[in-house]
Amino acid sequence: MQRAWKRVKANKGAAGVDGLDIDQTESHLRQVWPSIRQQLLMGTYQPLSVRRVCIPKPDGSERELGIPSVTDRLIQQALLQVLQPLIDPSFSEHSHGFRPGRRAWDAVLSAQRYAQEGYCIVVDVDLSRFFDRVNHDILIDRLRRQVNDTGVIRLVRAYLNAGIMDGGVVVERLEGTPQGGPLSPLLANVLLDAVDKELERRGHRFARYADDCNVYVRSQKAGERVMALLKRCYDKLRLKINESKSAVAGVFGRSFLGYCLWQNRDGEVRRGVSKKALEAFKQRIR
């Protein structure tokens, strides 16, 4: 818990629905922690609802975040520190998002390597509102396969079920795991690992970073078959592909995690920051 508290303090962040910031929570926990600890051990702890915050995206839409209270961020961080070392080693080597020692750059380098090897058709899949559509029952079922602890499963379920406070009104949440809590990225990988394993079983070359997944093949027909496979896999998880942003297309010139690939006259595949990423960066610094 002390290590988790140091991480929460280092991350800073805004107050949740209780209005308590980091310093205020520190004083508050000195008084109430024995009671919270007992509730956690007995399985009766109930997280507070998360505070809804919307962040504008470059395309004009909004990304919804759910900000837990500082106390709940502390408990989630402690859970993450125990669960991640147990679960992460079982994840696919093609999964790069929100994992220790991995980063988006690794996924970009994988994409470049596949293109250099001649896999120049990409099945580029974008999931529609992924974090908002996570099915709680399917996620908990997959988590149980990794974690044989009823108390931990109960606590994770309580965090999934915590409502969202919007305009002073708490809205019940029946699906989704809001971005903003320390546990959400790990839970996302637990769910999407099912698709990774199916792609691995079939011997496909791919790179995934969170809900962005690119599969690399040699022909358009092969790409169309993979797209059909992915649709079936995501249907089983109750997730929906964003048809307008997904495609089977040539890899060169298509953006992946802010980078584009191209081929020079010598046949060497090169990489560079995409125009879209550059424009988004310019907007942020204006």
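The following refers to the structure shown. (Residues numbered from 1 in each chain as written. Predicted model: local features only at pLDDT ≥ 70, side-chain atom pairs only at ≥ 80, totals over all residues. Heavy atoms only, no water.)

1. Considerations on the nonpolar core
Note on soluble globular proteins: their nonpolar side chains tend to be buried together. With 59 residues, the main nonpolar core has Phe130, Val156, Leu230 and Tyr234 as its most contacted residues. Excluding its chain neighbours within four sequence positions, the residues that come into contact with Val156 are Leu79, Ile140, Leu143, Leu183 and Leu187. (Core = buried A, V, L, I, M, F, W, Y, C linked by side-chain atoms within 4.5 Å. Buried < 20%, exposed > 50% of the residue type's maximum accessible area, 1.4 Å probe, protein only. Contact = heavy atoms within 4.5 Å.)

2. Considering empty space enclosed by the protein
Under the criterion given, the structure shown has two cavities of 30 Å³ or more. Approximately 130 Å³ is the volume attributed to the largest cavity. Lining the largest cavity are 16 residues, and of these Gln76, Tyr159, Arg173, Pro178 and Ser184 sit closest to its centre. Residue assignment for the lining of the largest cavity shows that the elements contributing at least two residues are α3 (70-87), α7 (150-161) and α8 (184-201). Each residue belonging to the lining of the largest cavity can be placed in one class, and the counts come to nine nonpolar, five polar and two charged. Empty space within the second largest cavity amounts to approximately 70 Å³. (1 Å grid on protein atoms, 1.4 Å probe; cavity = no way out; pocket = protein on both sides within 12 Å on 5 of 7 lines; lining within 4 Å. Points joined across faces, edges and corners; volume = space filled by probe spheres on them. Helix = DSSP H or I, 4+ residues; strand = E, 2+ residues; numbered from the N terminus. Nonpolar A, V, L, I, M, F, W, Y, C, P; charged D, E, K, R; others polar.)

3. Let's talk about the sheet that holds strand β8 (residues 247-250)
An order of β6-β7-β3-β8 is seen for the four strands of this open sheet, with the pairing classed as antiparallel. Both edges of this open sheet fall to β6 (205-209) and β8, since each of them pairs with a single strand only. If you compare each strand with its neighbour and ignore which way they point, the axes differ by 20° on average. Of the pairings in the sheet, the one linking strand β3 (residues 121-126) to strand β7 (residues 212-217) comprises six bridges and is antiparallel in character. Pairing of Val122 across the sheet is with Tyr216, part of β7. Its contacts with the sheet place α8 against β6 and β7, and it is angled at close to 175° to β6. In the packing of helix α9 (residues 220-236) onto the sheet, contacts are made with β3, β7 and β8, and the angle to β3 comes to roughly 25°. (Pairing = 2+ DSSP bridges. Axes fitted to C-alpha atoms, helices over the stretch in contact; angles between N-to-C directions.)

4. Regarding the side chain of Asp211
Mapped onto the secondary structure, Asp211 falls in the loop between β6 and β7. When sequence neighbours within four positions are dropped, the list of residues in contact with Asp211 reads Val125, Leu127, Phe130 and Leu192.

5. With respect to the environment of Arg133
Counting through the fold element by element, Arg133 comes out in helix α5 (residues 130-133). Classification of Arg133 as partly exposed rests on a relative accessible area of 22%. It is 8.2 Å that separates the C-alpha atoms of Arg133 and Lys240, two residues lying 107 residues apart in sequence. Apart from the residues within four sequence positions on either side, Arg133 is in contact with Ser128, Glu175, Gly176, Arg238, Leu239 and Lys240.

So yeah, pure geometry; function would need other evidence.
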